[in-house]
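# Survey of secondary and tertiary structure
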Amino acid sequence: MAREAFTIDVDGAAQLRRTLRKAGADAADLKDANAAAAAIVARAGAAAAPRRTGRLAASVRGNRAVGAAVVRAGGARVPYAAPIHWGWPRRGIAAQPFLSDAARATEALWLAAFFRDMQSICDTVRGV
């Protein structure tokens, strides 16, 4: 089953991270900025997840990484998360892109939070 990738690229984000690291920014601060953005999407995605048992919604989580804000759903106990989200036409499962829709719907919120956190980091670093 082919899955379509859903990513949102922030132009210059990788260069900003490199510059901040060279200038002495704490990696934990970068993780916090990504975690805050991911949490916004994860909350909206969990609220929008289709419900039969609630396990799919409960499996939605954001990451805390330096390089990206990623929201995931599913796992060993919820292996059906991807087919529900992306669909599986051969099995008659229509796509219900609750995470993609949540990212789009909350874009203004998570983008503002991300840039606010990046600005706070920049304000603490000399030479940026």
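Scoring rules and cut-offs
Residues numbered from 1 in each chain as written. Predicted model: local features only at pLDDT ≥ 70, side-chain atom pairs only at ≥ 80, totals over all residues. Heavy atoms only, no water. Helix = DSSP H or I, 4+ residues; strand = E, 2+ residues; numbered from the N terminus. Buried < 20%, exposed > 50% of the residue type's maximum accessible area, 1.4 Å probe, protein only. Contact = heavy atoms within 4.5 Å. Areas by Shrake-Rupley, 256 points an atom, 1.4 Å probe, with all protein chains shown as cover. Phe/Tyr/Trp six-rings, centres within 6.5 Å; stacked < 30°, edge-to-face > 60°. Core = buried A, V, L, I, M, F, W, Y, C linked by side-chain atoms within 4.5 Å. pLDDT = per-residue confidence, 0-100. Expected span 1.5 Å × (residues − 1). Salt bridge = Lys/Arg side-chain N within 4 Å of Asp/Glu carboxyl O. 1 Å grid on protein atoms, 1.4 Å probe; cavity = no way out; pocket = protein on both sides within 12 Å on 5 of 7 lines; lining within 4 Å. Points joined across faces, edges and corners; volume = space filled by probe spheres on them. Nonpolar A, V, L, I, M, F, W, Y, C, P; charged D, E, K, R; others polar.

- Per an unreviewed UniProt entry, the protein is named HK97 gp10 family phage protein, and its organism is Phytomonospora endophytica.

## Some words on the overall build of the protein
- For the protein, the count of helices and strands is six helices and two strands.
- Going from N to C terminus, the protein has its helices and strands arranged as α-α-α-β-β-α-α-α.
- Sorting the 128 residues of the protein into buried and exposed places 34% on the buried side.
- Expressed as a percentage of contacts within the protein between residues at least 6 apart in sequence, the contacts between residues at least 24 apart total 64%.
- Within the structure as shown, the protein displays about 8,100 Å² of accessible surface, and the carbon and sulfur contribution to it stands at 51%.

## Observations regarding the packing of aromatic side chains
- Throughout the structure, instances matching the rule amount to one aromatic pair.
- Aromatic side chains Phe 114 and Phe 115 sit 5.6 Å apart centroid to centroid with 75° between the ring planes, which places their arrangement in the edge-to-face category.
- Here Phe 114 falls in the buried class, since its relative accessible area comes to 9%.

## Observations concerning the nonpolar core
- In terms of nonpolar packing, the biggest core is built from 13 residues, with Leu 30, Val 41, Trp 110, Phe 114 and Met 118 touching the most fellow members.
- Looking at this core, the elements that each hand over two or more residues are α2 (27-48), α5 (98-105) and α6 (107-124).
- If you look at the next biggest cluster of nonpolar residues, it comprises 11 residues, including Ala 42, Ala 57, Val 78 and Ile 84.

## Comments concerning the confidence of the model for the protein
- Across the protein, the average pLDDT comes to 84, with 80% of residues at 70 or higher.
- Confidence drops under pLDDT 50 across residues 1-5; counting only partners more than four residues distant or on other chains, this segment forms seven contacts.

## Describing α6
- Compared with the 26 Å implied by 1.5 Å per residue over 18 residues, the 26 Å span of α6 between its first and last C-alpha is a close match.
- Trp 110, Ala 113, Phe 114, Asp 117, Met 118, Ile 121 and Cys 122 are the residues of α6 that are buried.

## Points about the environment of Val 78
- Considering the arrangement of structural elements, one finds Val 78 in the loop between β2 (71-72) and α4 (81-86).
- Separated by 20 residues in the primary sequence, Val 78 and Ala 58 have C-alpha atoms spaced 9.6 Å apart.

## What about the pattern of salt bridges?
- Counted by the stated rule, this structure contains two salt bridges.
- Taking the shortest distance from any N to any O, the salt bridge between Asp 32 and Arg 64 comes out at 2.4 Å. Placement of Asp 32 in helix α2 and of Arg 64 in the loop between β1 (61-62) and β2 is noted, with a sequence separation of 32 residues between them.
- Linking Arg 104 and Asp 101 is a salt bridge whose minimum nitrogen-to-oxygen distance equals 3.4 Å. Residue Arg 104 and its partner Asp 101 are located together in helix α5, separated by three residues, close to a single helical turn.

## A short note on the layout of surface pockets
- Of the volumes computed, that of the second largest pocket is approximately 220 Å³.
- Lining the second largest pocket are Pro 50, Arg 51, Arg 52, Thr 53, Gly 54, Arg 55, Leu 56, Tyr 80, Ile 84 and Gln 96.
- Within the lining of the second largest pocket, the residues separate by chemical class into four nonpolar, three polar and three charged.

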